Amino acid sequence: ETGGAVEKARNFSTQSGHTNVTSTLVYGVQWDAVMRWISEDGDLARYLTNSDGKGNYNTESSIPTGSNVEYQLKNIYDIAGNVFEWTMEAYSTAYRVFRGGYYNIYGSRGPVSYRSYDSPDLTDPRLGFRLAFFV
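Attention here is on the structure that accompanies the text. What you see is a predicted model, and the numbers here were worked out from it, not measured in a lab.

Before going further, it helps to spend a moment on the side chain of T87. Locating T87 in the fold gives a position in strand 4 (residues 84-91). A polar contact of 3.2 Å, which involves the side chain of T87, links it to the backbone nitrogen of E89. In contact with T87, other than residues within four places in its own chain, are L25, V26, Y27, G28, W31, V97, F98 and R99.

Below you can see the structure in the form of structure tokens.
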């Protein structure tokens, strides 16, 4: 399911020794809440529709997360660009949603608010995931 991301995300907290913490992929509603939070900041709201300058765009490959401080929005690194991110959101019974943009497009074509879907069996170097922790 989602290229193994769901299982990896769910197992992260226990495998890394965290107790009383549950980890999972980010839910679509959580991504939407972050988009609303960013939109409330007049200096950052413009990046919701064109994330150029706030993500790894128009390059040949992804980069290590957090490697460029300029690519953070509200202290969230690489939420725009670098790789699309699977979420727990479903699009019908056959597809799952991924969000954000990826390295080989422009920030205007795949901004932080970008939303699309594909088969959860898809494995692709353009796809990654973000963890959510519940304490």
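Ranked by size, the top nonpolar core spans 26 residues in total, and within it L25, M35, L73, I79 and V112 carry the most contacts. The set of elements that each furnish at least two residues to this core consists of helix 1 (5-15), helix 2 (28-39) and strand 4.

Along the chain, W86 falls in strand 4. Counting along the chain gives 43 residues from W86 to F129, while the straight-line C-alpha distance between them is 5.1 Å.

Working definition: an aromatic ring pair is given by the centre-to-centre distance plus the angle between the planes. Counting across every chain of the model gives eight aromatic pairs. For the ring pair F84 and F98, a centre distance of 4.8 Å and an interplane angle of 50° mean the geometry is tilted. Here F84, found in strand 4, pairs with F98, found in strand 5 (residues 95-99); they are 14 residues apart in sequence, far enough to count as distant. The same class applies to F84 as to F98, namely buried. Here the guanidinium or amino end of K54 rests over the ring plane of Y47, the centre of that ring lying 5.6 Å away. Geometry around Y102 places R126 over its ring, the cationic atom sitting 5.1 Å from the centre.

The sheet built from four strands is open, its strands ordered 6-5-4-7 with mixed pairing. Edge positions in the sheet fall to strand 6 (115-118) and strand 7 (127-129), since each has one partner strand and no second. Strand-to-strand twist across the sheet, computed as the mean angle between neighbouring axes with direction ignored, equals 50°. Inspection of the sheet shows strand 4 paired to strand 7 by three bridges, in the parallel sense. Residue pairing across strands places W86 opposite F129, the latter belonging to strand 7. Of the strands in this sheet, strand 4 and strand 5 are in contact with helix 2, which crosses strand 4 at around 120°.

Right, let's talk about the pairing of strand 4 for a bit. For a regular strand, the rule is simple: side chains alternate between the two faces of the sheet. Of all eight residues that make up strand 4, six are buried, and the element is covered over most of its length. As defined by bridge partners, strand 4 adjoins strand 5 across four bridges and the pair is classed as antiparallel. Following the sheet pairing, W86 is matched in strand 5 by F98. Hairpin connection from strand 4 to strand 5: three residues lie between these consecutive antiparallel strands, with S92 at a positive phi of about 70°.

Here is what the cut-offs are and how they apply
- Residues numbered from 1 in each chain as written.
- Predicted model: local features only at pLDDT ≥ 70, side-chain atom pairs only at ≥ 80, totals over all residues.
- Heavy atoms only, no water.
- Helix = DSSP H or I, 4+ residues; strand = E, 2+ residues; numbered from the N terminus.
- Polar contact = N/O pair within 3.5 Å; in protein donor to acceptor, adjacent residues only side chain to side chain.
- Contact = heavy atoms within 4.5 Å.
- Core = buried A, V, L, I, M, F, W, Y, C linked by side-chain atoms within 4.5 Å.
- Buried < 20%, exposed > 50% of the residue type's maximum accessible area, 1.4 Å probe, protein only.
- Phe/Tyr/Trp six-rings, centres within 6.5 Å; stacked < 30°, edge-to-face > 60°.
- Lys NZ or Arg CZ within 6 Å of the ring centre and 35° of its normal.
- Pairing = 2+ DSSP bridges.
- Axes fitted to C-alpha atoms, helices over the stretch in contact; angles between N-to-C directions.

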